[in-house]
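Coordinate analysis (summary)
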Amino acid sequence: MRRLAVLAAFAAAGCSTAVAGQPVPAAGGDEDDDRVLAYFAALNDAGEEGPGSQSDFLRRTQHPDFTDRFCDLDDLVLRMVPVESTLRPDPEWKPEKSAKAPRGEVYVVAVTVTIRRDSTTLGEQIGSQRVVLLDGEAYGFSPCPAE
């Protein structure tokens, strides 16, 4: 409680400090951000068409280095809403149980995931998703519900 009071006092006092230097744009910039966000829009659009359409989308956009790790969601549909302000490069990331990083530029973003079967919501959670930009295309990694 004391910490909140101190933070509130600093905010009310308008305390600020100038930091020397120049802002550095994120790797890839707005164009890469747009591609990553477009991936989620397309994922959600496919989900609106049903589980078969979304499964096809996930299969087509599975990163080419990891096609052997595709998971079929059966009759489940996912809706992933990314939090744009959390989108950032993640060049050191490797998929679980992988000795190598995927080719391309890896980005991570926080997402709210809603899991549905037919019109019933089965669950909702917040997590991180990776999207890789490779040769101008956005690729993901199909989620595996049992894992």
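The following paragraphs examine the structure supplied in this document. (Residues numbered from 1 in each chain as written. Predicted model: local features only at pLDDT ≥ 70, side-chain atom pairs only at ≥ 80, totals over all residues. Heavy atoms only, no water.)

1. Some points on the side chain of S142
Rule in force here: Counting from the N terminus, the helices are DSSP H or I runs at least four residues long and the strands are E runs at least two residues long. Under the scheme applied here, a residue whose accessible area is under 20% of the maximum for its type counts as buried, over 50% as exposed, and between as partly exposed, the area being computed with a 1.4 Å probe on protein chains only. By the criterion applied in these results, polar contacts are pairs of N or O atoms within 3.5 Å in which, for protein atoms, one can donate a hydrogen and the other can accept it, and in which residues neighboring in sequence qualify only through two side-chain atoms. Any two residues whose heavy atoms approach within 4.5 Å at even a single point are treated as in contact.
If you trace the backbone, S142 turns up in the segment after β5 (137–139). A residue is classified by how much of its surface remains accessible, and S142, at 8% relative accessible area, is buried. A polar contact is formed between the side chain of S142 and the backbone nitrogen of C71, at a distance of 2.8 Å. Those residues in contact with S142 that sit more than four places away from it in its chain are L58, Q62, R69, F70 and C71.

2. A closer look at unusual backbone geometry
In this structure, D74 is a non-glycine residue whose phi angle is positive, near 55 degrees. Phi at D118 is positive, roughly 55 degrees, even though this residue is not glycine. With respect to the helices and strands, D118 occurs in the loop between β3 (105–117) and β4 (120–134).

3. A closer look at the packing of helix α2 (residues 29–49) against helix α3 (residues 51–60)
Selection rule: To define axes, lines are fitted to C-alpha atoms, for helices over the stretch in contact only, and angles between the resulting N-to-C directions are given on a 0 to 180 degree scale. Orientation categories follow fixed angle ranges, with anything under 35 degrees roughly parallel, anything over 145 roughly antiparallel, 65 to 115 roughly perpendicular, and all other angles oblique. Each residue is assigned to one of three groups, with Ala, Val, Leu, Ile, Met, Phe, Trp, Tyr, Cys and Pro labelled nonpolar, Asp, Glu, Lys and Arg labelled charged, and all others, Gly among them, labelled polar.
Between α2 and α3, whose axes approach to 6 Å, the crossing angle comes to 150 degrees. Judged by the inter-axis angle, α2 sits roughly antiparallel to α3. Of the residues in α3, those touching α2 at Y39, A42, L43, A46, G47 and E49 are S53, Q54, F57 and L58. Class assignment of the residues belonging to the contact of α2 with α3 gives a composition of six nonpolar, three polar and one charged.

4. Describing the state of the cysteines
Inclusion rule: Cysteine sulfur atoms that pair up within 2.5 Å are treated as a disulfide.
Tallied over the full model, the rule gives one disulfide. Covalent S-S linkage joins C71 and C144, the inter-sulfur distance amounting to 1.6 Å. Around the S-S axis, the bridge from C71 to C144 shows a dihedral of about 75 degrees and counts as right-handed. In this pair, C71 is assigned in the loop between α3 and β1 (76–82) and C144 in the segment after β5, connecting sequence segments 73 residues apart. When its relative accessible area of 15% is taken as the criterion, C71 is described as buried.

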